[in-house]
Every structure is written in C-alpha cells, then in structure tokens.
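# Summary of structural features
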Amino acid sequence: MSQLSATQEISRVPEVILLSAADSHTDQSALLAMKEFNLRASSMTILHEMGLTEGSGVEWRVAPELRAAAIDFGMEQRPSFWKSAHEHYFRVSAGEVRPERPAYMNWGLGSAYHGVELDKAVGLANYRSIAHVESLALTLSSLRLSEEQTARGLIDKDDPALIFLRGMAHYRMDDLGQAIPLLRRIANLDEPSKEVAVAKHLVGRFDCLRSNKGSSTKGPQSMLRESHKSAAKRSDKPHLAQVKHTMAVCMLHTSQTGLANPAIRQLQQSLSLTRELGDVWGEAMVLHTLGQALTGLKGRHEEAIEALKRSLEIGEDLGYMDHVDKVQDSLRRVSGGHDQPRAGSRGDALTPPRTRSRRGGRRKRRQ
Amino acid sequence: MSESPVLNWSPERQRVTSFFRSERSVLHLLGSDRAYVSHFESTLGSLVKDEFGESGKLILLDPAHDFTVASPYAVMCRIFQNLEQDTNTRTESPQHVSVNIGTGNSAGGSVDVSGNRVIVQGHSEREELRSLQRAVASMLDTGSTFSGVVLLFRNCHRLKAKTRRIFFASLWEPTLEAMTLSGMKVIFSYCPHDLREQSADQIPATAHESITMPETFEGASYDDALEQLQMHVEQVGLESPGLGALGFARGVLFNHQSVRDVYHRITLRRLDGLI
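### Considerations on the overall build of chain B
A tally of regular secondary structure across chain B gives 10 helices and 5 strands. Within the span of chain B, comprising 275 residues, buried residues form 56% of the whole. Summarising the internal contacts of chain B: among those between residues at least 6 apart in sequence, 74% fall at separations of at least 24. Of the roughly 11200 Å² of accessible surface on chain B, 47% is carried by carbon and sulfur atoms.

Here it is as structure tokens:
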C-alpha cells in the first residue's frame, strides 16, 4: 500500500473537506459551516497560517491542489458528508443576502454550483439564469465553476446551458468569432426558452450587420422576428425592448426605401418599453438611434434634434462619456445641416444593448 | 493568530524591500510550485506596512477570487474600493438589484457585497469602466501619486491568453502603467512554466525585476529555516516530548527537504494536535 502524501492526508481531514466543498469563503461563512457540522474552527486558522488557503480581500479558498484532493476524497469516500456540506452551502446561498457570505453565493452562483452537486437539473437551470446577467465578471466566474464541475463529470460540456454560458462569456469579451457559433447552436434549438430567444437576437443582429448594405437580410430579420415573438409570448418586456431596437437597426442597415417608417415605429415602441422599465441607459441608446433615423426624414429635423439632445442629457447624467461623444458627433452633423448621418451609421446605434437582464429592480437615476 | 512561518526567505524579503525603495515598478514573483509563492505572499502585507507605514496599501487581485481580474471593470472597482479610503475620490455606491435565480429559488435579493458591486441591468460595463479610468486620469492630472500602493496580481498563470490580452489592452496600457509612473508598484505572481517569456501576452510585457522562490531548505538557507521553524514550533506548542522545539524542527527538516512537504507536515501535525 503506497504511503499517502502529506497533501492527501490533510485532504482527508473533515474540516478541509467541508471548506473545500465551497468555492470560496469569508471567515464568517466558514465559521458558520464549522458550527453547523460541529467541527473545529481553529483548523481554519492553521490552514491560513500555513499558507494552505489563498485569498484576496476578505475572501479566501482552500489552496487549489489541496482542494482538488479534498473534493476527490469527499465525493468518493465520504459521499454522505459531501452531500450534507453542499446542502448547507445551498441553503446559505438561497437565503437572504448577507455581506458575510462570499460573493459567489450572494450573486446567485452558489445556487448553481451547489445545486449541480445536489440535483443537476436545478443547478443547470440556475447557470442558465445567471448567463443572462450583464456582467462579464459574473459570467466568467460562472464559466469557471461550471468548467470545474464539467471536469469532474458532473455536467456535460455540451449541455445547452453551458454552451449558452460560454457563448455569452465570449460575447461579453467582444470575442464574436467564438461567441456567434456557440450562440448559433442555441438559436437552432427548438425550444421556447429565453436562452434561445436571446441567441436568435444576437445571431440575427450579427448576421444582419455583417451583410452588405442593400443585400437581403431576410434570414437575419426572420431570426429577429422569432426572437421578438418569443419575447412577446413570454411577456419579456426587457427583451422585447432590445429586440425591437435591433430590428429597427437591421431595417435601417439595409438602406431600402420604405423601411424608415417601420423602423421608427419599432424604435418608438422600444423607447416606450425602456421608459416603462425605467431603463435609462436603454432609453439613451434607443433615442440615439431614433435621432439618427429621423434625421434622414423630411420635416422631422426638430424631432431628431430633440431625441439626440435627450440622449445626450441621459449620457451626461450617467457619466457615460463615450456615449456623450458619439451623440455630440451626431448632433454636430444634424445641426450642420449637411452630411447628415444615416440611421445606424455609427456609434452605439449600431450596437444596441446586449442581452441585459433586467429581472427585478430598476436602475436608479444618478443624482 | 500566530504569524505564518516564512522559513528561509530572508534574502527574498530583502529584495522585495529593495524593490519598494527603487524606481522600478514591476516585479515578477515566481515559484515552481504555487505553494511557495503563496507562503511568501502572506508576508507581503507586513512588508508594505514596514516600508510605507500606515499609508501603505496592498491590494490583492486574483483571477479566481471575487471575480477580479476576470473582468477589467471588476479590477478597477477593487482598486477603487481600496483607494477611496485614502483619497477623496468617490465611487458610486453599490446598486441594489435583484437576482432571482431559478424557479421558486430565490438566490438573490439586493446585491451589496462588502463593497463589491455588480449592476445587472440598465448599465454599460464598458462605460462604467471608462468612468473609473477617467477618474484615475483626473487624479493623475491633478498631481495625485500612488506611492505606497502595491497591487499584487496572484495566480497569473491561471489567466487564459484571451483574458491576458483583455487585461493588457483594457487595463495595463490605458491605466495601470500610468499609475506605476506615479509611484504605484505592481507584483505579478505565477508559476513560471506557465506564462513567463511565452509571448507578448504575458503580464506585463516586461518585468523590471523578478524573484524566484526557493524550493528546498538546502545549503545556506538551512540554518535560517531551522531557527525560524523552531520559533514557530514553540509559538504553536508543537514541541516533541524529550526533543523540544529544536529537536522537532530538526526532525522535520531532516525528513522533508522541499518547502511544500515541510509546510504540509507541520500543518498535519497541527491539525492532529487539535483532536
């Protein structure tokens, strides 16, 4: 029988297994777990002192090599204890937000990560939900955790939830070359989910804007219509607002005469929705596109300026100076009375809001 | 809490202090095993305080922690959260948003975590990042210095090439490099076989200085390590009956030469002692 390494021996200590079941801890969350299982809190101090934890700020985790060994041992040799540990962390994750919890639990990742350990379907559903949150940091963290669980064979790397998550991670990193093929796989799924609708939206927009001016955008427009239909069916107003904006941008991109008015109608509907939702940043972007779209229409010059000025005002209010620069540029061109911009010709009009999740809450206007 | 024992790294600690006193601003900290670097890093906080006094500030950033480094925006938030204690620069208060996860399973509520913040709706992460970067530029324009601020990017070997490129283009070039010219020090730690001298993607492109952690307690470092290990054994009460602290320390160093094995053996002994 081969002798265990010191690392292996440490990994079998119950406290180490318990702490390793969580992705990270604060001292308080670790103490809570120790108390729950009637284990020795001082072991945590020893691990800290001996450099067997890694941390930044108030959070830390068991050192990777030791944690990997503890996970292996816990899963294989102490399945009951392992499950109980995850049940505890899942409960803590699902509870009311507390500052003493590690960030991954507060931000919803705990329910995904520990959910997978207990019930794959529950965990994957939570990973799906998190993928909609417009935060690169959160998306990448979800990806890291899901990849760790994929490597352990708990979830299939080709599960649609993970493909969508990977697609959104690349998308938020502006790596469209990687993102679009992944999202296209989701867009082609025959299911009425939000993920499919979001994927259709992003792929439709990409295909539309990539097409040459004047060429047919029938395929992308059809995809956007399907996304719109799904959003309407699910009464998903935030998604509806975004896809209407994109549909308008796509119409304007084709440069076909006769599409300006339908595009403006879509933009006005999108604008109403962003206002209803209290999404001022979305409102600013729609107004910018609307201002540019109106600029090209006879007799609507004042309306165009009004939309652009309001967009500018919101950008300044938010402190979003890149947006302000773009709108000022548009205003200069409109006010100059020549070389008027074509709708969707530049700036964030062509990059309407990504699939931001607006579940719950509204962003407060900054004072 | 007793101090983490740093057994034989006096020369390396002196080199860090010299680095703090020098004009150089970028240090690479290398260890063939992550554990060596980790032990050493645990002492950097006290080195910063020793050198810069109470104004000294060590800001830890880890690609696998607190969502930092993974996102340039998260890194800037982290830096600001630490800086704002010493400056008049104000950052936005955390937004309160709801993150409801899954059906019938509320894993969210308000997101307000120890100063971390994530805004999940109605915002542009890119614009928010630019706002923070403009705030730094403004501080630099008005003559603020970042002397005493030390950024420690840990576990850089875990960053994928794509993330490193994002870091370099979105953070290093536009902001952090300028901060180093105003006194900030940056330490990147990693296992060398992963990224050093690999490509232009490395972080940063050029290190002004590098320190490689020793792997064993051999040669001249032995006596130093023995003395410090003996002190640690006395401090935590691990003396062997009949042998005392010195005997125990000698035994450990006789049986285990690598830094990692020594630390792990002491850990195990201390954990056993709890029973």
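From this point, the narrative continues.
### Here we look at unusual backbone geometry
One non-glycine residue with positive phi stands out, namely N38(A), at about 55°. Note on placement: N38(A) falls in the loop between α3 (27-36) and α4 (42-49).

### Here's the deal with the packing of aromatic side chains
Here the structure, examined in full by the defined rule, presents 9 aromatic pairs over all chains. Judged by centre distance (4.8 Å) and plane angle (85°), the ring pair of W281(A) and Y320(A) falls under edge-to-face. Of this pair, W281(A) sits in helix α17 (residues 280-295) while Y320(A) sits in the loop between α18 (301-318) and α19 (321-336), and the two are 39 residues apart along the sequence. Looking at Y320(A), the relative accessible area reads 0%, which means it is buried. Relative to F188(B), the ring of F153(B) lies with its centre 5.2 Å away and its plane at 10°, an arrangement referred to as stacked.

### Re α3(A)
Residue and element names in this part refer to chain A. Residues of α3 that are buried: S29, A30, A33 and M34. Within α3, the buried residues cover an arc of 140° as seen down the axis, which keeps them to one side. Looking at the buried positions of α3, the neighbouring elements they touch are α2 (14-20), α4, β2 (59-62) and α6 (79-94). Positive backbone phi, at 55°, marks N38, one or two positions downstream of α3.

### A few points about the pairing of strand β5 (residues 209-212) of chain B
All names here are of chain B. On β5, burial follows the alternation: E209 and I211 on one face are buried, whereas S210 and T212 on the facing-out side are not. Sheet topology note: the strand β1 (residues 26-30)/β5 ladder contains 4 bridges and is parallel. Each bridged residue has a counterpart across the sheet, and for H28 the counterpart in β5 is S210.

### With respect to the sheet that holds β1(B)
Residue and element names in this part refer to chain B. Taken in spatial order, the 5 strands line up as β2-β3-β4-β1-β5 in an open sheet, and their pairing is parallel. Of all strands in the sheet, those with a lone pairing partner are β2 (57-61) and β5, marking the two edges. The mean angle between the axes of side-by-side strands here comes to 20°, regardless of whether they run parallel or antiparallel. With 5 bridges connecting them, β1 and strand β4 (residues 185-190) associate as parallel partners. By the bridge assignment for β4, L27 is matched with I187. Here helix α1 (residues 10-21) sits on the sheet in contact with β1, β3 (149-153), β4 and β5, set at roughly 165° to β5. Packed on one face of the sheet, helix α3 (residues 44-52) meets β1, β2, β3 and β4 and runs near 150° to β2.

### Focus on the confidence of the model for chain A
The predicted coordinates ought not to be read in detail in places where the model reports low pLDDT. All names here are of chain A. The pLDDT averaged across chain A works out to 85; a share of 88% of its residues lies at or above 70. Of all secondary-structure elements in chain A, the lowest mean pLDDT belongs to strand β1 (residues 53-56), at 75, while α2 reaches the highest, 97. Per-residue pLDDT stays below 50 along residues 338-367; that stretch engages in 113 contacts with residues further than four places along the chain or on separate chains.

### Points about the side chain of S29(A)
Residues and elements named next belong to chain A. By secondary structure assignment, the location of S29 is in helix α3. Within the structure, S29 has its side chain in polar contact with the side chain of H25 (distance 3.4 Å). With residues up to four places along the chain from it excluded, the contact list for S29 reads E100 and P102.

### Details of the state of the cysteines
Residues and elements named next belong to chain A. For the coordinates displayed, the defined rule picks out 1 disulfide over all chains. C208 shares a disulfide with C250; S-S distance 2.0 Å. Residues C208 and C250 are joined by a disulfide whose S-S torsion is about 105°; by sign, that bridge is right-handed. With C208 in helix α13 (residues 194-210) and C250 in helix α15 (residues 237-254), the pair connects residues that are 42 residues apart, well separated along the chain. In this structure, C208 and C250 share a single accessibility class: buried.

### Here's the deal with the pattern of salt bridges
All names here are of chain A. What the rule picks out here adds up to 35 salt bridges over all chains. For R40, the salt bridge identified is with E15, shortest N-O distance 2.6 Å. Here the residue R40 occupies a position in the loop between α3 and α4, and E15 occupies one in helix α2, the gap between them amounting to 25 residues. The exposure class of E15 is buried, given its relative accessible area of 2%. For R144, the salt bridge identified is with D23, shortest N-O distance 3.1 Å. Taken together, the residues span a long stretch of sequence, with R144 in helix α10 (residues 136-151) and D23 in the loop between α2 and α3 at a distance of 121 residues. On the basis of relative accessibility, which here comes to 27%, the residue R144 falls in the partly exposed class.

### Looking at the confidence of the model for chain B
All names here are of chain B. Averaged over chain B, the pLDDT score is 74; the fraction of residues at 70 or greater is 72%. Here helix α7 (residues 192-195) is the element of chain B with the lowest mean pLDDT, 59, and β3 is the one with the highest, 92. Taken over the whole predicted complex, pTM reads 0.80, whereas the ipTM for its chain interfaces reads 0.73.

About the thresholds
Residues numbered from 1 in each chain as written. Chains lettered and ligands numbered in written order. Predicted model: local features only at pLDDT ≥ 70, side-chain atom pairs only at ≥ 80, totals over all residues. Heavy atoms only, no water. Helix = DSSP H or I, 4+ residues; strand = E, 2+ residues; numbered from the N terminus. Buried < 20%, exposed > 50% of the residue type's maximum accessible area, 1.4 Å probe, protein only. Contact = heavy atoms within 4.5 Å. Areas by Shrake-Rupley, 256 points an atom, 1.4 Å probe, with all protein chains shown as cover. Phe/Tyr/Trp six-rings, centres within 6.5 Å; stacked < 30°, edge-to-face > 60°. Arc of directions from axis to C-beta. Pairing = 2+ DSSP bridges. Axes fitted to C-alpha atoms, helices over the stretch in contact; angles between N-to-C directions. pLDDT = per-residue confidence, 0-100. Polar contact = N/O pair within 3.5 Å; in protein donor to acceptor, adjacent residues only side chain to side chain. Disulfide = S-S within 2.5 Å. Salt bridge = Lys/Arg side-chain N within 4 Å of Asp/Glu carboxyl O.

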